[in-house]
Amino acid sequence: MAKRASLKSAARTETLAKPSVIPFFKSVEENFNKAVAVTKYPQGLADQIRVCNSVYYFQFPVRIRGEIEVFEAWRVEHSQHKLPCKGGIRFSELVDQDEVMALAALMTFKCAIVHVPFGGAKGGVKVNPHNYTTEELERITRRYASQLVQKNFIGPSVDVPAPDYGTGEREMAWIADTYATFTSGEDINAMACVTGKPIAQGGVRGRKEATGLGVFYGLRHALSKSKDLKRYGIEAGIAGKKIIIQGFGNVGYHAAKFIQEEGDGIIIGVAEWDGGVYNPKGIIVEELAEWRRENGSITGFPKAKTLKRGAQLLEYACDVLVPAALENQITIRNAPRIKAKIIAEGANGPITSQAEHILLDKGVFILPDMYLNAGGVTVSYFEWLKNISHIRFGRMGKRFDEGVQKRMIDSIESLTGKMFSDKERKMLMTGAGERDLVYSGLEDTMMFAYDEIMDLWRANKKVKDMRTAAYVSAIDKVATAYMQLGLFP
Ligand code: GLU
């Protein structure tokens, strides 16, 4: 593929170069094997759950500025024990088959943990989106999507992509439109072929912030359990905790925002590909976002110290480190110097399996990716449900609930002879809209999944860490599905 010059002056070659560490899929396999070892499932069943069921590798041509450019691409369906398969599409120069396979596997376990009835999948195109115009990206995305249609790797009941690193609402809308074009109005559920769409194209309110919000709900819940925290010497409560975030993209930005605005956590550092900012007294997330909007980078933010290498911040003292960028950020090289008490994995696979041993020996509490960042796919599931039911959440009940609540308030007032203020009345009367329902469904999902994993951990003495507990929880569900399907009598 020809190398394209960057289109934006401040554009990057691409975030954090892939360090030469243990291959990502191998790291996932190692964690999986560690978990399988504490279960009683037969080897063959474990093998079937571990491997990727289908790997579709293809190359496709797109005409770019008068020349034909060929792009490498993948869609991997890790597990088809439940359909559709589900998982994002990554646009990055660093994408390769190993990465897509690892991410697809994590999707299977993630879905199982949060009771989303899907198999796991992931897609990727080897492309640096910063080097292409919007029109070029649209052609690349549509061509990629049409390849998936041709090979039956997309469809509301087959495989449902979503955004991931380098893609967003815009790309999802193009994919939905491409799919609809191919199915020529015959599939009434065509909209449900992809999630993470703009609201006007069948998206659901709350999907954009869902992963970061899920990180916040999960972290807040974990930090409310003083008994679980005791063994790590951590005091309960998110308020006042000093937090460092790596990655200020969709996940990192929203996680930081909710942790600060809803949880009263103190964001002391933010790391990005081109540097970091640090202020032990705290950084106002919205001010930093505004600075980046105006200047194209978080560096130089006047209310914090700028660091040349963002990755340095991973090693700073803090209560919670939230890696929310890419995989393989904490390796055997920097793990011995990590000072955080808790690592809350917003990204997929930020800690290698080897680095994890070092961190666990140091007594770090790791909230694993497959649990903590499952908010995105949880709300994707809500979007898919909205699309196949063809109605916005709350549309039928909101007004009715408000009527019931109004009658209740009126009765209380006439019985007590006291009146509510207009503000109180409004607060008590307002029925739940789509965003309220999505947020509450997500909050409940994150709390329930955490409790389920922790119960399993407590009940199984052979499980020594939360990631292993999460894997076992996921493996139990996938194994049960296979056994009930009759494949493993
Ligand atoms: N790309 C996201 C993830 O890694 C979301 C996947 C989805 O919504 O299907 O979890």
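Just above, that's the structure.
Below: a short report on this structure.

1. Digging into the environment of G394
Phase 1: With respect to the helices and strands, G394 occurs in the loop between α12 (375-389) and α13 (398-416).
Phase 2: Every residue in contact with G394, bar those within four places of it in the chain, is listed here: A432 and L437.

2. Observations regarding α12
Phase 1: With 15 residues, α12 should reach 21 Å at 1.5 Å per residue; the first-to-last C-alpha distance of 21 Å fits that figure.
Phase 2: The element α12 is largely enclosed, with a buried count of 12 among its 15 residues.
Phase 3: Buried positions along α12 lie against β3 (85-92), α3 (97-113), β5 (159-163), α6 (210-222) and α15 (434-459).
Phase 4: Where α12 ends, the next residue or the one after it, H390, has phi of about 60 degrees, a positive value.

3. Quick notes on the nonpolar core
Nonpolar side chains in soluble globular proteins tend to end up buried together.
Phase 1: If you look at the biggest cluster of nonpolar residues, it comprises 99 residues, and the most contacted ones within it are F365 and L367.
Phase 2: Here the element with the most residues in this core is α3; it accounts for 12 residues.
Phase 3: If we ignore the near neighbours within four places in the chain, the residues touching L367 are L219, A222, I342, I343, A344, E345, L372, Y450 and M466.
Phase 4: One finds V125, V127, Y132 and A176 within the second-largest nonpolar core, a separate group that totals 27 residues.

4. As for the sheet that holds strand β10 (residues 320-323)
Phase 1: Spatially, β9-β8-β7-β6-β10-β11-β12 is the arrangement adopted by the seven strands of the open sheet, whose pairing is mixed. Unpaired on one side and paired on the other, β9 (305-307) and β12 (365-367) mark the two borders of the sheet. Neighbour to neighbour, the strand axes of the sheet diverge by 20 degrees on average, direction disregarded.
Phase 2: In the sheet, strand β6 (residues 242-246) pairs with β10 via four bridges, with the strands oriented parallel. Considered in β10, the bridge of I243 is made with V320.

Conventions used here
Residues numbered from 1 in each chain as written. Predicted model: local features only at pLDDT ≥ 70, side-chain atom pairs only at ≥ 80, totals over all residues. Heavy atoms only, no water. Helix = DSSP H or I, 4+ residues; strand = E, 2+ residues; numbered from the N terminus. Contact = heavy atoms within 4.5 Å. Expected span 1.5 Å × (residues − 1). Buried < 20%, exposed > 50% of the residue type's maximum accessible area, 1.4 Å probe, protein only. Core = buried A, V, L, I, M, F, W, Y, C linked by side-chain atoms within 4.5 Å. Pairing = 2+ DSSP bridges. Axes fitted to C-alpha atoms, helices over the stretch in contact; angles between N-to-C directions.

Function-wise, these values are silent; they only describe arrangement.
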